Amino acid sequence: MNASRPTRTRTLRRGLPAIMVLGLAGAFAAPSGASAVLTHPRPAAAAARTPAVSGTISTVAGGPGGPATATSVGIDPCSLSQAGPKLYVADGGSVREVNGNDFLTTPAGTGTGTTGPADYGVLATGDNMSTCGVTVDAAGNVLIADQAHFQVAVAAAKTGTFYGQAMTAGEVYLLAGDGQQGVPGTGVVATQTPLTDPEAVAVDQQGNVVIADSGFSAGGTSGGSRLQVVAASTGTFYGQPMIAGDLYTVAGNGKLAYSGDGGPATAAGLGLRVGEARVDSAGNLVMADFGECRIRVVAAGTGTFYDVKMTAGDIYTVAGNGTCGFSSVRGLPDGLAVKDRLNSPQGVALDPAGNLLIADTLNNRIRVVANTTGTFYGQAMTIGNIYTVAGNGTHGFAGDGGSALAAEFALPDDMVTDTAGNLVIADSGNDRLRVVAAATGTFYGQAMTAGDVYTVAGTGAIEYSGDGGPAGQAEFLSPHGVASDAAGDMLIADNAESRVRFVPAVNGNYFGQRLTGGNVYSLAGTGTQGFSGDGGPGTAARVGLPAAVSLDAAGNAIIVDTGNNRVRVVADTSGTFYGQAMTAGDIYTVAGTGGFGFSGDGGPAVGAELAGPQGVAVDGAGNLVITDSDNFRVRVVADTSGTFYGQAMTAGDIYTVAGNGVDGFAGDGHPATSAEFDAPVGVAVDRAGNLVITDTDNCRVRVVAVATGTFYGKAMTAGNIYAVAGAGTAGFSGDGGRAAKAMLHFPSDVAVDGTGNLVITDTGNERVRVVAEKAGTFYGQTMIKNDIYTVAGTGAAQFSGDGGPGTGAALSGPASAAVTGTGNLLIADAGNTRVRMVAG
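In this text the structure is predicted, and so the values were computed from the model without any measurement.

Rules used throughout
- Residues numbered from 1 in each chain as written.
- Predicted model: local features only at pLDDT ≥ 70, side-chain atom pairs only at ≥ 80, totals over all residues.
- Heavy atoms only, no water.
- Helix = DSSP H or I, 4+ residues; strand = E, 2+ residues; numbered from the N terminus.
- Buried < 20%, exposed > 50% of the residue type's maximum accessible area, 1.4 Å probe, protein only.
- Disulfide = S-S within 2.5 Å.
- Phe/Tyr/Trp six-rings, centres within 6.5 Å; stacked < 30°, edge-to-face > 60°.
- Lys NZ or Arg CZ within 6 Å of the ring centre and 35° of its normal.
- Pairing = 2+ DSSP bridges.
- Axes fitted to C-alpha atoms, helices over the stretch in contact; angles between N-to-C directions.
- Salt bridge = Lys/Arg side-chain N within 4 Å of Asp/Glu carboxyl O.
- Contact = heavy atoms within 4.5 Å.
- Polar contact = N/O pair within 3.5 Å; in protein donor to acceptor, adjacent residues only side chain to side chain.
- pLDDT = per-residue confidence, 0-100.

### Quick word on the overall build of the protein
- When helices and strands are tallied, the protein shows 0 helices and 75 strands.
- C-alpha atoms of the protein, sized along the principal axes, occupy 90 × 50 × 50 Å.
- Sorting the 840 residues of the protein into buried and exposed places 61% on the buried side.

If you want it as structure tokens, here you go:
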């Protein structure tokens, strides 16, 4: 597992640093190279349920999170819409629904944020999207601004005809955009024209769909933002004759420079980026001009709005003077909204009194422009003036249960008022939804005091949730490493979250705790990258980007703590392991000093330097085999004194068994210690005791023979190294032919199944492939000895296919593999935030 290879990119609109659960009992067995018989008193696994059809893929851990109490699910809120008692939250790869009892569900999106082709005419819960724009129309349909695909979609609330299309309840349909980024047309069919960057979506009183379409600047080509409208019916809107289903520009001239206040909106420059767009009670279009630090309005009619005289069809600034910052003195003349400063406002909304709400994002405040003179949010306000109603301006998280004005927020992106008049805020940088109570009472299941602020959704950690609950309802950020043992337990390294988590197969005692089978628990890591905690509870210790895991014969969790250049162990039971006295549930370093370098061969492993360790396996003698990737070596920590891999070793000491420290490719057919590697990442031990290594940047899988004989179709000499898969050129080819002639693309991990087949995560090809050890049928396919076959993945970086054949399912950055005793194949589908299983 190579932590340096990102497998997932979430497209967030802000321009800010962006299931099926199978029975686990009996499903998982020893990883390659681990002893097949546990020596510690684990509970016996129950009989597995009826196996799935060979080759079928499913999710066994991870997903969008929930359904569950909203405060127990990790979210990344960036846009809000309110429909009756329900809040809809755009959350990157999903749309969330939070009801009045603070229960969260996910009506649309897989949570992956995938950038492959969008899915339409399918269940909305299976749609790959990346969104920070959501609204609900009068029929209850959810409209989604899907930035990753440059499109706007509709998740139908009920079966019927909407926007000129026959729709089925619960499915998703295309409304606008052809899937390509480009300059949109006007007066053209909405689904047949590109969009540039749909940030937000709204619905006006006539049912037309309004799209805030940000500009772009890339490759020497640039263009400014626009407001677009998809006509719901044929008629005249915003001063233009429109045909139902066509797209029209109603504001923005496509230029990057700000211009046009007081003139026709279609001739105005909106700048590079817009944020939220809303429609007020008068039909005016209100938008956050993010880059220009203004709030602007396209007037639907002639009159005075927000204390500004307007002419129908023209555009006006109603807040912000174009200079980014913060300068308001509340209630004084220089508190006039049009003279005040904002700082990259991202969201706008309207409250029931018609006041304009602003998410003043980089000022970390929520502000209000009074539409009339009166008392709002506990303050006396004057029409046209601007007031802070939440946030003290400090970027942080503080203040829950106290005054909203004294609380800290972090990059608030959006807000709405709910049916009780409470102010609901997408506190994006804190990964929470927070509520400022309008009155004293009980809301979202909490007792609240008027004017105080409370968290009602989110854990404060993006895509981390579910501990203590079913593994299939948990969230993972980037599961890079996966391992299992003979009892059926599963260990997962959540790389980007800097945690290691554990799923026991059955109820029992593990790591000093009583755990429930099929549920997920944290074993190590606090979610903050760093190093701390040796000798204490693993859950209180910090780890850094763990890349790989294994379970040894005693049930201890072995962790490749890549960011800390260490290998660490969480003890399953109290005892002496790797030469150290350990307490159940505590964490210990067994190799590495934390320094980045190479030293220590022939001496104690805890005194040796490692450099970017990536993979680990446990051999039949209990030794730890480590890919010391940036040292271009494979090293072994001896569990007992003896002769291993042709060397005399002392218990607890570390030795190089492959690689000479030179970055390159050389040495095949010669002693492994003289060979060159280019990023050895994954490692396994096969049934004969040979070391199998992914030489990732050389696009090969290589074997160090422990005995002289024929392995993988090659005559091998003990101690020498041989390439057995991959021709050395990055690419994809060779399925159904000899593995040594096939092309791989950055293979990151390898496992060996019970038949002796090699299982390779061909990460750059978004596939998992198998080299057959003998002729037979494996994972639903007929295979010939020494040939290579794809068993999962289509080559597209997406999420799809659960319940069907693995070869028809899309993966995203498959980082690791493990094989179970029942022949099932586990895949750490890192970019899709899941662990998936292909039935063997």
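### Considerations on the state of the cysteines
- Using the criterion set out here, one finds 2 disulfides in the structure.
- At a sulfur-sulfur separation of 1.9 Å, the disulfide partner of C293 is C324. Linking C293 and C324, the disulfide has an S-S dihedral of approximately 95° and is accordingly described as right-handed. You can see C293 sitting in the loop between strand 26 (285–289) and strand 27 (294–298) and its partner C324 sitting in the loop between strand 30 (315–319) and strand 31 (347–350), a full 31 residues away along the chain.
- On the basis of relative accessibility, which here comes to 0%, the residue C293 falls in the buried class.
- Sequential numbering of the bridged cysteines in the protein gives the disulfide pattern 1-2, 3-4.

### Details of the packing of aromatic side chains
- Considering all chains together, one arrives at 2 aromatic pairs under this definition.
- Seen from their ring centres, F502 and Y510 are 5.4 Å apart, and the 55° between their planes marks the pair as tilted. Residues F502 and Y510 agree in their burial class; the two are buried.
- Taking 5.1 Å as the distance between ring centres and 80° as the angle between the ring planes, the aromatic pair formed by F502 and F511 counts as edge-to-face.
- On the accessibility criterion, F502 (0% relative accessible area) is buried.
- Take F511: its relative accessible area is 2%, and that puts it in the buried class.
- Three or more aromatic residues link up through ring pairs in this structure, and these residues are F502, Y510 and F511.
- The ring of F326 is capped by R365, whose NZ or CZ atom sits 3.7 Å from the centre of that ring.
- Geometry around F677 places R702 over its ring, the cationic atom sitting 5.0 Å from the centre.

### Considerations on the sheet that holds strand 1 (residues 57–61)
- Spatial ordering of the open sheet is given by 1-75-74-73, a layout of 4 strands whose pairing is antiparallel. Of all the strands in the sheet, just strand 1 and strand 73 (814–819) have a single pairing partner and so form its edges. Averaged over all pairs of adjacent strands, the angle between their axes in this sheet comes to 30°, without regard to strand direction.
- As paired strands, strand 1 and strand 75 (residues 834–838) are joined by 4 bridges and run antiparallel to one another. Residue pairing across strands places I57 opposite V838, the latter belonging to strand 75.

### Observations regarding the pattern of salt bridges
- Evaluated as defined, the whole model comprises 24 salt bridges.
- The partner of R434 in a salt bridge is D427, with the nearest N and O atoms 2.9 Å apart. Across this residue pair, the class does not change: R434 and D427 are buried.
- Among the ionic pairs, D561 bridges to R568, the shortest N-O distance being 2.8 Å.
- For D561, a relative accessible area of 0% puts it in the buried group.
- By sharing partners, the salt bridges in this structure join D91, R96 and E475 into a single network.

### Focus on the pairing of strand 66 (residues 721–725)
- In terms of burial, strand 66 is largely enclosed, as 5 of its 5 residues are buried.
- Across 4 bridges, strand 63 (residues 700–704) lies against strand 66 in antiparallel orientation. The partner of V704 across the bridge, within strand 66, is I721.

### Details of the sheet that holds strand 55 (residues 613–618)
- Taken together, the 4 strands give an open sheet; going across it, the order is 55-56-57-60, and neighbouring strands pair in antiparallel fashion. With one partner strand each, in any of the chains shown, strand 55 and strand 60 (654–658) form the two edges of the open sheet. Between one strand axis and the next, the sheet turns by 30° as a mean value, whatever way the strands run.
- Of the pairings in the sheet, the one linking strand 56 (residues 624–628) to strand 57 (residues 633–637) comprises 5 bridges and is antiparallel in character. Bridged to L624 within strand 57 is V637.

### Focus on the environment of G728
- Along the chain, G728 turns up in the loop between strand 66 and strand 67 (747–752).
- Other than its neighbours up to four places away in sequence, G728 contacts N698, C699 and R700.

### Things to note about the side chain of T135
- As for its placement among the helices and strands, T135 is situated in strand 8 (residues 131–136).
- T135 sits in the buried class, given a relative accessible area of 10%.
- Polar contacts involving the side chain of T135 include one to the side chain of S81, which spans 3.5 Å.
- The contacts of T135, once residues within four sequence positions are left out, are S81, N141, V142, L143, V201, A202 and V203.

### Comments concerning the pairing of strand 54 (residues 587–591)
- Counting buried residues along strand 54, 5 of its 5 residues qualify, which places the element largely inside the surrounding structure.
- Bridge analysis of strand 51 (residues 566–570) against strand 54 gives 4 bridges, and the strand direction is antiparallel. Bridge assignment links V569 to a residue of strand 54, and that residue is Y588.

### Re the environment of I144
- Mapped onto the elements, I144 comes out in strand 9 (residues 142–146).
- Judged by its relative accessible area of 0%, I144 falls in the buried class.
- Along the chain, I144 and Q798 lie 654 residues apart, while their C-alpha atoms are 19 Å from each other.
- If we ignore the near neighbours within four places in the chain, the residues touching I144 are V95, A108, M129, T131, G133, Q151, V152, A153, A155 and V201.

### Re the environment of A426
- Here A426 shows up in strand 38 (residues 423–427).
- Sequence separation of A426 and V416 is 10 residues, and the distance between their C-alpha atoms is 8.9 Å.

### As for unusual backbone geometry
- For the peptide bond that leads from G66 to P67, omega is 5°, which places it in the cis range.
- Mapped onto the elements of the fold, P67 is located in the loop between strand 1 and strand 2 (68–69).
- Phi is positive for C293, which is not a glycine, with a value near 55°.
- Despite not being glycine, F746 has its phi angle at roughly 55°, a positive value.

### Notes on the confidence of the model for the protein
- Here the protein averages 91 in pLDDT, while 92% of its residues score no lower than 70.
- Note that pLDDT drops below 50 for residues 329–334; the model gives that stretch 9 contacts with residues more than four away or on any other chain.

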